[in-house]
Amino acid sequence: MTTDLFTRRNLLAAGGAVAVAGMSGLLVPARAQDLAPTRSMRGGSNNYRPGAPIVDRIGGGGFWMTGTVRRAGDGALLEGKRIQVWAHTTEGHERDERSHGATLTDANGVFRLEMPQIVPAFGQPHGHLAYDSGEFETVFLRPVMSSARDTTLEVHFVLQPA
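Here goes a summary of the coordinates provided. Quick caveat, the model's predicted, so the values are computed rather than measured. Just so you know, the residues in each chain are numbered from 1, in the order the chain's sequence is written. With pLDDT at 70 or above as the cut-off, local features in this predicted model cover only qualifying residues; side-chain atom pairs require 80 or more to be listed or tallied, and sums for whole chains, interfaces and linings still use all residues. Calculation of side-chain values draws on the structure's entire complement of heavy atoms; hydrogens and water are dropped beforehand.

1. With respect to the overall build of the protein chain
Applicable threshold: A helix here means a DSSP run of H or I that spans at least four residues, while a strand means a run of E at least two residues long, and both kinds are numbered starting from the N terminus. For every residue, the accessible area (1.4 Å probe, protein chains only) is compared with the maximum for its type, and the residue is labelled buried under 20%, exposed over 50%, or partly exposed between those bounds. In what follows, a contact means two residues having at least one pair of non-hydrogen atoms within 4.5 Å. All accessible-area figures derive from a Shrake-Rupley calculation using a 1.4 Å probe, and residue coverage is judged against the displayed protein chains alone.
Along the protein chain, the regular secondary structure elements total one helix and seven strands. In sequence order, the protein chain lays out its α and β elements as α-β-β-β-β-β-β-β. Counting across all 162 residues of the protein chain, residues that qualify as buried make up 39%. Within the protein chain, contacts between residues separated by at least 24 positions form 73% of all contacts whose residues are at least 6 apart in sequence. As displayed, the protein chain has an accessible area near 9500 Å², and 54% of this comes from carbon and sulfur atoms.

2. A look at the sheet that holds strand β7 (residues 152-159)
Under the convention used in this document: By this definition, two strands are paired if DSSP reports at least two bridges between them. Lines fitted to C-alpha atoms define the axes, with helix axes restricted to the stretch in contact, and inter-axis angles between N-to-C directions lie between 0 and 180 degrees.
Taking strand neighbours across the sheet as the criterion, the three strands line up as β4-β1-β7 in an open arrangement whose pairing is mixed. For this open sheet the edge positions go to β4 (110-115) and β7, each flanked by a neighbour on one side alone. For this sheet the average axis-to-axis angle between neighbouring strands, irrespective of direction, equals 20°.

3. So, the pattern of salt bridges
Heads up, the rule is: Whenever a carboxyl oxygen of Asp or Glu lies within 4 Å of a side-chain nitrogen of Lys or Arg, that contact is scored as a salt bridge.
Evaluated as defined, the whole model comprises four salt bridges. Notably, a salt bridge pairs Asp-74 with Arg-71, separated by 2.8 Å at the nearest N-O pair. When its relative accessible area of 39% is taken as the criterion, Asp-74 is described as partly exposed. Two residues, Arg-98 and Asp-96, come together in a salt bridge whose shortest N-O distance is 3.9 Å. Residue classification places Arg-98 among the exposed residues on the basis of a relative accessible area of 59%.

In C-alpha cells form, the structure reads like this:
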C-alpha cells in the first residue's frame, strides 16, 4: 500500500492552515503598530514629587487607582513599570507628601494602588498619575472622575520609548 502525501484534500487543508496563520500573523501586528503613545495632560504634573516611594497603600485606603501600561506601537504589556499616584483625598491635599506613592506593574502590565477617597479640588474630583522612570518618555495624567462618589479610577498608559 502506498500513501499519496499530495492528495488534493491534504493540499487544501495545508493551504488553508498556512493562509489563516499567515493572515493572522500579518493582521495582528499591523493593528498593534498603530497604538499611539499617551500624551501628557495639562495640569498632570501639578504638585508632582520626584521619587515618591513605592508603597503598598497610601493612607487608610478605600479608593482604588488601577490601570495598565503598554508600549506604543506593538501594544506589549509592560511589567515592572513604576507609576506614581497622588490626589486631593479625605486625608490630605495633592501637595502633601503623605498623599503621594508609587507602585509597579505586574507581569500583565496591570497596576493597582489603594488610597483614601478622592475628593473634589477646584470643583473636580481628579487624580494625578505619572510614569517617570526614564526608559520611556515621561507622561503625566490628570483624569477627572465622573462623580465624587466613585471608588475607583481606571487609567491606561501607552508609553513611547525615550
